[in-house]
There are 2 protein chains.
Amino acid sequence: MDKYRVLEIKESVFESNDREADKLRQELKQEKTFLLNLMSSPGSGKTTTLMATIEALKDDLRIGIMEADIDSDVDAATISTSGVKVIQLHTGGMCHLDAGMTRQGLEGLGTDDVDLAILENIGNLVCPAEFDTGAVKNAMILSVPEGDDKPLKYPLMFSICDVLLVNKIDVAPYFNFDLDKCIERVHKLNPNMKVFPISALKKEGIEPWANWLKEQVKEWQEA
Amino acid sequence: MDKYRVLEIKESVFESNDREADKLRQELKQEKTFLLNLMSSPGSGKTTTLMATIEALKDDLRIGIMEADIDSDVDAATISTSGVKVIQLHTGGMCHLDAGMTRQGLEGLGTDDVDLAILENIGNLVCPAEFDTGAVKNAMILSVPEGDDKPLKYPLMFSICDVLLVNKIDVAPYFNFDLDKCIERVHKLNPNMKVFPISALKKEGIEPWANWLKEQVKEWQEA
């Protein structure tokens, strides 16, 4: 496998993560690179969603993916089959990425030729919500098997995200998942949250989400 | 709702968590209380598994449950319907419980009349693995929809647990989940890991797991 690099990222030394995140965002603005931070529980389908999103957008945007994981390269290996640029980031046990760590990843990836950079954060609904990575937008996935009560239990994550992908809707008949109730709980925490029900595996519902994302990238590049 | 108490637990001040955990275990040994630390991703079915486990064991053991959550009381409300003693622990945003926090929970629960205390830890495959809670055994749940690659991605969690419940096996036909491959990956990290495939919702496979747990409690109380 030489289709992707593996980068061991180091703990950040910056005093203020928020300041570092703002600085990174300003630099990305100048470079006309849009950074999306994608978060979720383990196993909600982040990588599969990325594969479907790449397929929908790769003719329109130059895409680069950062796959953060505590260990293993399985996700970068998967993404590399899509033909887009990808780097595997190993966090050495860290449960989240902050702006300094994201900067290391972006430098490793190289963003000169990237319109849309996506960080697949560590699978964790708690810690990643507490750290601004410097992303322009935060996205999260909640998969149907996890249950419609998750906004009640992980309110910060649902509060800081701009968009929610409700994934694995193809298996909804086999679970007690009430989409309306879930969305109601989400909007109580975060009235502006965009919600897209999708099945990444079955490639259902991808177009509205991909169009929304493309629009965000264009706005960022043109504003 | 007055069937359970809600306790706001505070961050621990102990210098060495490992020492505090050992001390707690020794005290539990003298009280003949067995403490199980149950961990998993969000939405893997911890509370449903507890409900099925309580039903299988409540005639044989005096059970007390600590439901840890960042926010919400939904799990304690559910458990309280089983008739066993339960307390809801709020961690105030903390992503894990350590031994000091677990001690606060046990004191809140009251363990004089408890053979088996179970801590439902925060839904998170990363941080809880790093902190000894003082439990006699660590258990984890991996649910089928999360995927059979999770041992590759969260190796520490799979390494420090004594028992793995593979939950939601009733929906296995709708997912690409290879149980044999999963168990092979688990045993590569942790050759002694006990594995029980279950469906907590359908109450399938509960008896072997409950019998194993009952045996552990008896050994702890008699040794």
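Residues numbered from 1 in each chain as written. Chains lettered and ligands numbered in written order. Predicted model: local features only at pLDDT ≥ 70, side-chain atom pairs only at ≥ 80, totals over all residues. Heavy atoms only, no water.

Colleague: Could you clarify how one ought to interpret the confidence of the model for chain A in this entry?
Modeller: Parts of the model with low pLDDT should not have their predicted coordinates read in detail. Scored by pLDDT, chain A comes out at a mean of 95, with 99% of its residues at no less than 70. Prediction confidence for the complex, expressed as pTM and ipTM, is 0.94 and 0.91 respectively. (pLDDT = per-residue confidence, 0-100.)

Colleague: What should I look at first to understand the sheet that holds strand β1 (residues 5–8) of chain A in this one?
Modeller: Pairing between the strands of a sheet comes from backbone hydrogen bonds, and it takes one of two forms, parallel or antiparallel. All names here are of chain A. Across the sheet, which stays open at both edges, the 8 strands sit in the order β1-β4-β3-β5-β2-β6-β7-β8 with parallel pairing between neighbours. Two strands close off the open sheet at either side, each with one partner strand: β1 and β8 (194–197). Neighbour-to-neighbour, the strand axes of the sheet open up by a mean angle of 20 degrees, direction not taken into account. When β1 meets strand β4 (residues 85–90), the two strands line up parallel, connected through 4 bridges. If you follow Glu8 over to β4, its bridge partner there is His90. Together, β2 (34–40), β5 (116–120), β6 (137–143), β7 (163–167) and β8 form the strand contacts of helix α8 (residues 206–222), whose direction differs from that of β2 by roughly 140 degrees. (Pairing = 2+ DSSP bridges. Helix = DSSP H or I, 4+ residues; strand = E, 2+ residues; numbered from the N terminus. Axes fitted to C-alpha atoms, helices over the stretch in contact; angles between N-to-C directions. Contact = heavy atoms within 4.5 Å.)

Colleague: Which parts of the structure should I look at to understand the interface of chain B and chain A?
Modeller: Interface extent is often summarised as the accessible area lost during association of the parts. Taken together, the contact pairs 32 residues of chain B with 32 residues of chain A. For the pair chain B and chain A, the summed buried area comes to about 2,400 Å², and 63% of that belongs to carbon and sulfur atoms. On the chain B side of the interface with chain A, the three residues burying the most area are Pro42, Lys153 and Tyr174 of chain B, jointly 23% of the side's total. One can count 2 salt bridges joining chain B with chain A. For Asp75 of chain B, the salt bridge is made with Lys153 of chain A, and the minimal N-O distance between the two is 2.7 Å. (Buried area = accessible area lost by both parts, 1.4 Å probe. Salt bridge = Lys/Arg side-chain N within 4 Å of Asp/Glu carboxyl O.)

Colleague: In this structure, what is going on with the relation of the copies chain B and chain A? I would like to understand it.
Modeller: Each of the two chain copies can be brought onto the other by rotation about an axis and movement along it. You can overlay chain B on chain A at an RMSD of 0.0 Å; the transform is a turn of 180 degrees with a shift of 0.0 Å along its axis. Considering both components of the superposition, the chain copies are consistent with a two-fold axis. A symmetric contact is evident, with 100% of the interface residues of chain B recurring at the interface of chain A. (Least-squares fit on C-alpha atoms with pLDDT ≥ 70 in both.)

Colleague: Can you help me understand the pairing of β8 of chain A in this one?
Modeller: In summary, the side chains of a regular strand alternate between the two faces of the sheet. Residues and elements named next belong to chain A. Two strands pair when backbone bridges link them, and β7 and β8 are joined in this way by 4 bridges, in the parallel orientation. The residue bridging Leu165 from the neighbouring strand is Phe196, located in β8. In terms of handedness, the path from β7 via helix α7 (residues 179–189) over to β8 forms a crossover that is right-handed. (Right-handed = clockwise from strand over helix to strand, strands pointing away.)

Colleague: How should I be thinking about the sheet that holds strand β1 (residues 5–8) of chain B in this particular structure?
Modeller: Residue and element names in this part refer to chain B. Taken in spatial order, the 8 strands make up an open sheet running β1-β4-β3-β5-β2-β6-β7-β8, and their pairing is parallel. Each edge of the open sheet carries a strand with a single partner, namely β1 and β8 (194–197). On average, each strand axis in the sheet is inclined to that of its neighbour by 20 degrees, with strand direction left out of account. Relative to strand β6 (residues 137–143), strand β2 (residues 34–40) runs parallel, the two being bridged by 5 bridges. Within β6, the residue paired with Leu36 across the bridge is Lys137. Most of the contacts of helix α7 (residues 179–189) go to β8, to which it runs at about 160 degrees, and overall it touches β6, β7 (163–167) and β8. Packed onto the sheet, helix α8 (residues 206–222) meets β2, β5 (116–120), β6, β7 and β8 and runs at close to 140 degrees relative to β2.

Colleague: Which parts of the structure should I look at to understand helix α1 (residues 17–31) of chain B?
Modeller: An α-helix turns once per 3.6 residues; consequently, residues spaced three or four apart project the same way. With 15 residues, α1 of chain B ought to run about 21 Å at 1.5 Å a step, and its terminal C-alpha atoms sit 21 Å apart, in line with that. Following α1 of chain B by one or two positions, Lys32 of chain B adopts a phi angle in the positive range, close to 60 degrees. (Expected span 1.5 Å × (residues − 1).)

Colleague: Even after reading the chapter, I still don't get the state of the cysteines, so can you show me in this structure?
Modeller: Throughout this description, disulfide means a covalent bond between two cysteine sulfur atoms. For the structure on display, the rule yields 0 disulfides over all chains. Not engaged in a disulfide, the cysteine Cys127 of chain A finds its nearest cysteine sulfur in Cys127 of chain B; these two sulfurs lie 3.4 Å apart. Here Cys161 of chain B stays unpaired: no disulfide links it, and the sulfur of Cys182 of chain B, its closest cysteine neighbor, is 13 Å away. (Disulfide = S-S within 2.5 Å.)

Colleague: I tried to follow the environment of Thr48 of chain A on my own but got confused; where do I start?
Modeller: Residue and element names in this part refer to chain A. Relative to the helices and strands, Thr48 resides in helix α2 (residues 46–57). Judged by its relative accessible area of 33%, Thr48 falls in the partly exposed class. When the C-alpha positions of Thr48 and Val13 are compared, they lie 33 Å apart, and in sequence the two are 35 residues distant. Setting aside its immediate chain neighbours within four residues, Thr48 contacts Ala200 and Leu201. (Buried < 20%, exposed > 50% of the residue type's maximum accessible area, 1.4 Å probe, protein only.)

Colleague: I keep staring at the pairing of β7 of chain A and nothing clicks. Help me out?
Modeller: Residue and element names in this part refer to chain A. The buried fraction of β7 is high, at 5 of 5 residues. On β7, burial covers both faces: Val163, Leu165 and Asn167 on one face and Leu164 and Val166 on the other are all buried. For β6 and β7, the ladder comprises 5 bridges, and the chain directions are parallel. Residue Ser143 lies in a different strand from β7, and its bridge partner there is Asn167.

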